[in-house]
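Reading the structure
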Amino acid sequence: MSKNTVLALVGSLRADSHNRKLAEAIQLNAPENVEVQIHGSLGNIPFYNEDIDVEGQVPAEAAALRAAAAAADAILLVTPEHNGTMPASLKNAIDWLSRPFGAGALAGKPTAVVGTAFGQFGGVWAQDEARKAAGIAGAKVLEDVKLAVPGSMIRFAELHPKDDAEVVEQIKGIFEPLTAFQEAEVAA
């Protein structure tokens, strides 16, 4: 049985990011039939510009992102909250993956959004914005997949999310909808 591949895009650029650690915890807790690949830093991808999105001229970092997303069975956006919305790096990745319009790497791709943030709601505004942008970009947004961990700076000051039993239990719940969607697609 082949594994389903989930590409995780982490919106935070910080090396010691709580959201990167959350993505690592998700990767460690994936069921046997799911492989979670965490994409490298989104900070190396230039801002989307149609002038450089030309065949043969697409920056290598953007081309690599598109190839990784196209090869994945599903996408997982892991986002902090910056001023009430998702970080520019994540929005930029969505912009690159949305092109060419209607045929980008996100088109029809099952996509879930999770994250952690310092505030008491765990970054739900950023997650809502990421769901909206991904949906407009053509992704099949899985609205029932939710994971918003509040108080990240305190909660994860000395504890990695992989060692937080409550978070690990919540992580396990994100895979069933992704797998169910993929199994339904295969059966159709």
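Residues numbered from 1 in each chain as written. Predicted model: local features only at pLDDT ≥ 70, side-chain atom pairs only at ≥ 80, totals over all residues. Heavy atoms only, no water.

Naming follows an unreviewed UniProt entry, where the chain appears as NAD(P)H-dependent oxidoreductase of Arthrobacter ramosus.

Side note on the overall build of the chain
Assigned secondary structure in the chain consists of 6 helices and 6 strands. Reading the secondary structure of the chain in the N-to-C direction produces β-α-β-α-β-α-β-α-β-β-α-α. Here the C-alpha atoms of the chain give a radius of gyration of 16 Å, agreeing with the 16 Å that 2.2 N^0.38 yields for 188 residues. Each of the three principal axes of the chain carries a C-alpha extent, and together these read 45 × 40 × 25 Å. (Helix = DSSP H or I, 4+ residues; strand = E, 2+ residues; numbered from the N terminus. Rg over C-alpha atoms; globule rule 2.2 N^0.38 Å.)

A short note on the UniProt feature "domain: NADPH-dependent FMN reductase-like" (unreviewed entry) in the chain
With numbering aligned to this structure, UniProt lists the feature "domain: NADPH-dependent FMN reductase-like" (unreviewed entry) at residues 5–150. Between the first and last C-alpha atoms of residues 5–150 the distance is 27 Å; the span itself is 32% helix and 18% strand. (UniProt positions renumbered as here; feature names shortened; annotations may be inferred.)

Considering the confidence of the model for the chain
As a note on interpretation, predicted positions should not be read in detail where pLDDT is low. Summarising the model, the chain shows a mean pLDDT of 93, and 95% of its residues fall at 70 or more. The element-level mean pLDDT for the chain is lowest in helix α6 (residues 165–187), coming to 80, with helix α3 (residues 88–97) highest at 98. (pLDDT = per-residue confidence, 0-100.)

Structural notes on the packing of α3 against helix α4 (residues 124–136)
Working note: a packed helix pair is described by the angle between its axes plus the distance between those axes. Across the interface, α3 lies against α4 with an axial gap of 9 Å and an inter-helix angle of 15°. Taken together, the axes of α3 and α4 lie roughly parallel to each other. Where α3 crosses over α4, the two elements pack in a sense that is right-handed. Across from Leu90, Lys91 and Ile94 in α3, the residues of α4 making contact are Ala130, Ala133 and Ala134. When grouped by side-chain class, the residues that make up the contact of α3 with α4 number 5 nonpolar, no polar and 1 charged. (Axes fitted to C-alpha atoms, helices over the stretch in contact; angles between N-to-C directions. Parallel < 35°, antiparallel > 145°, perpendicular 65-115°, else oblique. Left-handed = near helix turned anticlockwise from the far one by under 90°. Contact = heavy atoms within 4.5 Å. Nonpolar A, V, L, I, M, F, W, Y, C, P; charged D, E, K, R; others polar.)

As for α4
Relative to the 18 Å expected for 13 residues at 1.5 Å per residue, α4 spans 18 Å between its end C-alpha atoms, a close match to the ideal helical length. Inspection of α4 places Ala126, Gln127, Ala130, Arg131, Ala133 and Ala134 among the buried residues, and these make up the whole buried set. Taken together, the buried residues of α4 touch β3 (74–78), α3, β4 (110–116), β5 (140–141) and β6 (148–149). Just downstream of α4, Gly138 is the residue with a positive phi angle, here 110°. (Expected span 1.5 Å × (residues − 1). Buried < 20%, exposed > 50% of the residue type's maximum accessible area, 1.4 Å probe, protein only.)

Some points on the layout of surface pockets
Reported here for the largest pocket is a volume of approximately 190 Å³. The wall of the largest pocket is formed by 13 residues, among which Arg14, His18, Pro80, Ser152 and Met153 lie closest to the centre. For the lining of the largest pocket, the secondary-structure elements that each account for two or more residues are α1 (18–28) and α5 (152–155). Residue composition of the lining of the largest pocket, grouped by class: 4 nonpolar, 7 polar and 2 charged. (1 Å grid on protein atoms, 1.4 Å probe; cavity = no way out; pocket = protein on both sides within 12 Å on 5 of 7 lines; lining within 4 Å. Points joined across faces, edges and corners; volume = space filled by probe spheres on them.)

A look at unusual backbone geometry
Cis rather than trans, the peptide bond between Arg99 and Pro100 has omega equal to -5°. Relative to the helices and strands, Pro100 is located in the loop between α3 and β4. In this model, Asn83 sits at a positive phi of 50°, which is unusual for a non-glycine residue. Relative to the elements of secondary structure, Asn83 occurs in the loop between β3 and α3.

Brief notes about the pattern of salt bridges
Summed over the entire model, instances satisfying the criterion amount to 8 salt bridges. Residues Asp53 and Arg66 are paired through a salt bridge, measuring 2.8 Å at the closest nitrogen-oxygen approach. Separated by 13 residues along the polypeptide, Asp53 in the loop between β2 (34–38) and α2 (60–71) and Arg66 in helix α2 bring together distant segments of the chain. Owing to a relative accessible area of 16%, Arg66 belongs among the buried residues under this scheme. Taking the shortest distance from any N to any O, the salt bridge between Arg155 and Asp164 comes out at 2.7 Å. (Salt bridge = Lys/Arg side-chain N within 4 Å of Asp/Glu carboxyl O.)

A short note on the pairing of β4
Burial within β4 is extensive, with 7 of its 7 residues counted as buried. Along β4, one buried face is formed by Pro110, Ala112, Val114 and Thr116 and the opposite face, lined by Thr111, Val113 and Gly115, is buried too. For β3 and β4, the ladder comprises 4 bridges, and the chain directions are parallel. By the bridge assignment, Leu76 is partnered in β4 with Ala112. Traced from β3 through α3 to β4, the parallel crossover comes out right-handed. With 2 bridges connecting them, β4 and β5 associate as parallel partners. From the neighbouring strand, Pro110 faces β5, where its bridge partner is Lys140. (Pairing = 2+ DSSP bridges. Right-handed = clockwise from strand over helix to strand, strands pointing away.)

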